[in-house]
Amino acid sequence: MKNIKYIIVNTFNFRGVTGRKAYWSYLLVYYITLFILAGILGVVTGRYQKINNIQPNGLLFTDVYVYYSILLLPMVSATVRRLRDAGLSPWLVLVPVLNVLLSLKASKKEARDLRN
């Protein structure tokens, strides 16, 4: 929880660094809650539509998109800090899948500690 709180508190901090543990724990909790929320809302909305004989209108997961949008900025700022910690350009956050793969790279400090 400490790592997740660190990411949320530093939402508007695009400078500095974020360690691998904090970044990946936030990412894991983010996606787990996203899938659970989508599942619950899908079941509830489907039941409501079936009971009231309403045809689906394509806005099934609107609440999930609100959740996703609210917590997207902390993820972007954490990714920028994580890429900087790994010694990479923060502009790589604009490349969708590559930025997550590059955030697996050890930080400069971790690499220096492993060499010694």
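Residues numbered from 1 in each chain as written. Predicted model: local features only at pLDDT ≥ 70, side-chain atom pairs only at ≥ 80, totals over all residues. Heavy atoms only, no water.

1. Observations concerning the overall build of the chain
Here is step 1 of the chain: Secondary structure summary: the chain contains 6 helices and 0 strands in total.
Here is step 2 of the chain: In sequence order, the chain lays out its α and β elements as α-α-α-α-α-α.
Here is step 3 of the chain: For the chain, with 116 residues in total, the buried portion stands at 28%.
Here is step 4 of the chain: Contacts in the chain between residues at least 24 apart in sequence constitute 58% of all its contacts with a sequence separation of at least 6.
Here is step 5 of the chain: Roughly 8100 Å² of accessible area belongs to the chain as shown, and the carbon and sulfur atoms make up 68% of that amount. (Helix = DSSP H or I, 4+ residues; strand = E, 2+ residues; numbered from the N terminus. Buried < 20%, exposed > 50% of the residue type's maximum accessible area, 1.4 Å probe, protein only. Contact = heavy atoms within 4.5 Å. Areas by Shrake-Rupley, 256 points an atom, 1.4 Å probe, with all protein chains shown as cover.)

2. Section: the nonpolar core
Here is step 1 of the chain: Of all hydrophobic cores here, the largest spans 14 residues; its most connected members are Ile7, Tyr26, Tyr30, Tyr67, Leu71 and Met75.
Here is step 2 of the chain: Elements represented by at least two residues in this core include exactly α1 (2-9), α2 (20-51), α3 (62-70) and α4 (72-85).
Here is step 3 of the chain: Sorting elements by how many residues they give to this core places α2 first, with 7 residues.
Here is step 4 of the chain: Those residues in contact with Ile7 that sit more than four places away from it in its chain are Thr18, Ala22, Tyr26, Pro74, Ala78 and Arg81. (Core = buried A, V, L, I, M, F, W, Y, C linked by side-chain atoms within 4.5 Å.)

3. Observations concerning α4
Here is step 1 of the chain: Between its first and last C-alpha atoms α4 spans 20 Å; for 14 residues at 1.5 Å apiece the expected length is 20 Å, and the two agree.
Here is step 2 of the chain: The element α4 is extensively covered by neighbouring structure, given that 10 of its 14 residues are classed as buried.
Here is step 3 of the chain: Those residues of α4 lying buried are Pro74, Met75, Ser77, Ala78, Thr79, Val80, Arg81, Arg82, Leu83 and Asp85. (Expected span 1.5 Å × (residues − 1).)

4. Considering the packing of aromatic side chains
The way to describe two aromatic rings as a pair is by their centre distance and the angle between their planes.
Here is step 1 of the chain: If you walk through the whole model with that rule in mind, you get 4 aromatic pairs.
Here is step 2 of the chain: Taking the centre distance of 6.1 Å and the plane angle of 25° together, the rings of Tyr26 and Tyr30 count as stacked. In this pair, Tyr26 and Tyr30 are both assigned in helix α2, 4 residues apart and thus about one turn of the helix distant. Neither residue differs from the other here; Tyr26 and Tyr30 are each classed as buried.
Here is step 3 of the chain: Among the aromatic residues, those joined into a ring-pair cluster are Tyr26, Tyr30, Tyr31 and Phe35. (Phe/Tyr/Trp six-rings, centres within 6.5 Å; stacked < 30°, edge-to-face > 60°.)

5. Re the layout of surface pockets
Here is step 1 of the chain: Within this model, the largest pocket holds a volume of roughly 170 Å³.
Here is step 2 of the chain: Forming the walls of the largest pocket are Tyr23, Leu27, Tyr31, Tyr68, Leu72, Met75, Val76, Thr79, Val93, Pro96, Asn99 and Val100.
Here is step 3 of the chain: At the level of elements, α2, α4 and α5 (96-102) are the ones that each hand at least two residues to the lining of the largest pocket.
Here is step 4 of the chain: Top element by residues in the lining of the largest pocket is α4. It accounts for 4 residues.
Here is step 5 of the chain: Of the residues in the lining of the largest pocket, the class split is 10 nonpolar, 2 polar and no charged. (1 Å grid on protein atoms, 1.4 Å probe; cavity = no way out; pocket = protein on both sides within 12 Å on 5 of 7 lines; lining within 4 Å. Points joined across faces, edges and corners; volume = space filled by probe spheres on them. Nonpolar A, V, L, I, M, F, W, Y, C, P; charged D, E, K, R; others polar.)

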